[in-house]
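Geometric and topological summary
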Amino acid sequence: MDRIRIRGGTPLAGTIAIGGAKNAALPLMAAGLLTDERLVLHNVPRLADIDTMAHLLATLGVSVERRDNDGRQLAIGGTITCTEAPYDIVRKMRASVLVLGPLVARCGEARVSLPGGCAIGTRPIDLHLKGLAQMGASITLEGGYVHARAPKGLKGERIVFPFVSVGATENLLMAATLAEGETVLANAAREPEIEDLARALVAMGARIDGIGTDRLIIQGVARLHGATHTIIPDRIETGTYACAAAITGGEVVLANAKLDHLGAVVRILREAGVEISEVEGGLSVKRLNGLHGVDVMTEPYPGFPTDMQAQFMALMCVAEGAAMVTETIFENRFMHVPELNRMGARINVHGASAIIRGVPAMSGAPVMATDLRASVSLVLAGLAARGETIVNRVYHLDRGYERIEQKLAACGAEIERIPG
């Protein structure tokens, strides 16, 4: 099993290219199920999760063709020959459940494995199922699978989410494009990735109003057609490398990054003493003087994203004063805390909040990654720590960060991958 070795203390300097957003690419790939024509996606990141979704689509009979040498262009399309998403694939990646809405809408049936729990909490799919049921699908749970049937097609409906859910918004938005009549999704998630999905669906012939707001109005159409779409840059990768520049006291340019996608991340980092400014082709990030402790609470977009919580906590470990990080989206998302404390951080967890008291410096240590964002927080800590840090279980990193050790090394970091 691969590991990453880091010798900290070097300020980063240089340019890091931000790739396409993983959390936009996965639902966009699932959207390819909505038509038998080709959906061509550009700026696709090369990540393990992308390969998993491609495998799932192939299992359903749909072709996923890489149209360039580095695999950043995918052509998706073909006849669906199977409507079952098996456990062996779904268990690897929760986003696999996003095939549920498109399959039911296009084929009138889907059998999808329940994703179960994961390292950062249970994350149930109740809202996905309730929404499809409102649209006329019959839902049964049997043998660990969701079996959804709508042999006469889905019907438009007004669906009010009791709380904001990115996955449920995506699944029901895709399903509604082929439903009969009008569907209204109220209290819908507003993440940039959902706006990206909606714009791609419109390019495929969908009729959607309210894009970018919490109220999406979809007029169902009989069929969708092929389209070409370029995926937005990854805002979580952007925020992660911004934290990397800040925690090392360096200065980097994040090529292709979009300031207006970052939401509250920009405000919080600026309050902590990080300068973020737009430059031609991206963003410039550098630490001003010292880092300052800042309190933060995770919230749906445009609030501070849960996917940036661990990285920001690592940054706060070396800030002056104290900071409190409160997690409101997922339970069990503080599993990086014991590992950061092994490196000399001073973090105490009280329920859904973590109190961080900054230290002058952390010390390198062997640490264990538990999930995607926790693993990258340990890399960030290693970049700033004295001595050597070994991060184990880096397969988590490969799910969401492309060539992270190469990107950081190109900016002066002493970092390497050790093959397992």
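Preceding this paragraph is the structure being described.
Our subject in this report is the structure included herewith. (Residues numbered from 1 in each chain as written. Predicted model: local features only at pLDDT ≥ 70, side-chain atom pairs only at ≥ 80, totals over all residues. Heavy atoms only, no water.)

Following the sequence through the fold, Ile80 ends up in the loop between β5 (74-77) and β6 (84-85). Excluding residues within four positions of it along the chain, Ile80 makes contact with Leu33, Leu60, Val62, Leu103, Arg106 and Cys107. (Helix = DSSP H or I, 4+ residues; strand = E, 2+ residues; numbered from the N terminus. Contact = heavy atoms within 4.5 Å.)

Turning to helix α9 (residues 264-271), a few remarks are in order. Every buried residue belonging to α9 is among Ala264, Val265, Val266, Ile268 and Leu269, and all of these are buried. Those residues of α9 that are buried lie in contact with α8 (235-248), β16 (274-279), β18 (296-297) and α10 (309-316). Looking one or two places after α9, you find Gly273, whose phi comes out positive at around 105°. (Buried < 20%, exposed > 50% of the residue type's maximum accessible area, 1.4 Å probe, protein only.)

This brings us to helix α7 (residues 192-203). In a regular helix each residue adds 1.5 Å, so twelve residues correspond to 16 Å; α7 covers 17 Å between its end C-alpha atoms and thus fits that length. For α7, the set of buried residues is Pro192, Glu193, Ile194, Asp196, Leu197, Ala198, Ala200 and Leu201. On its buried face, α7 sits against α1 (22-31), α6 (166-176), β12 (207-209), β14 (227-230) and α8. One or two residues past the end of α7 sits Gly205, with phi positive at roughly 110°. (Expected span 1.5 Å × (residues − 1).)

Within a sheet, each strand pairs with its neighbour through backbone hydrogen bonds, oriented either parallel or antiparallel. Overall, mixed pairing links the four strands, which are arranged β18-β19-β21-β20 in an open sheet. Every other strand in the sheet has two partners, leaving β18 and β20 (346-350) as the edge strands with one partner each. Here five bridges tie β20 to strand β21 (residues 353-357), and the two strands are oriented antiparallel to one another. The residue bridging Val349 from the neighbouring strand is Ala354, located in β21. Contacting β18, β19 (322-326), β20 and β21, α10 crosses the sheet at an angle of about 170° to β19. (Pairing = 2+ DSSP bridges. Axes fitted to C-alpha atoms, helices over the stretch in contact; angles between N-to-C directions.)

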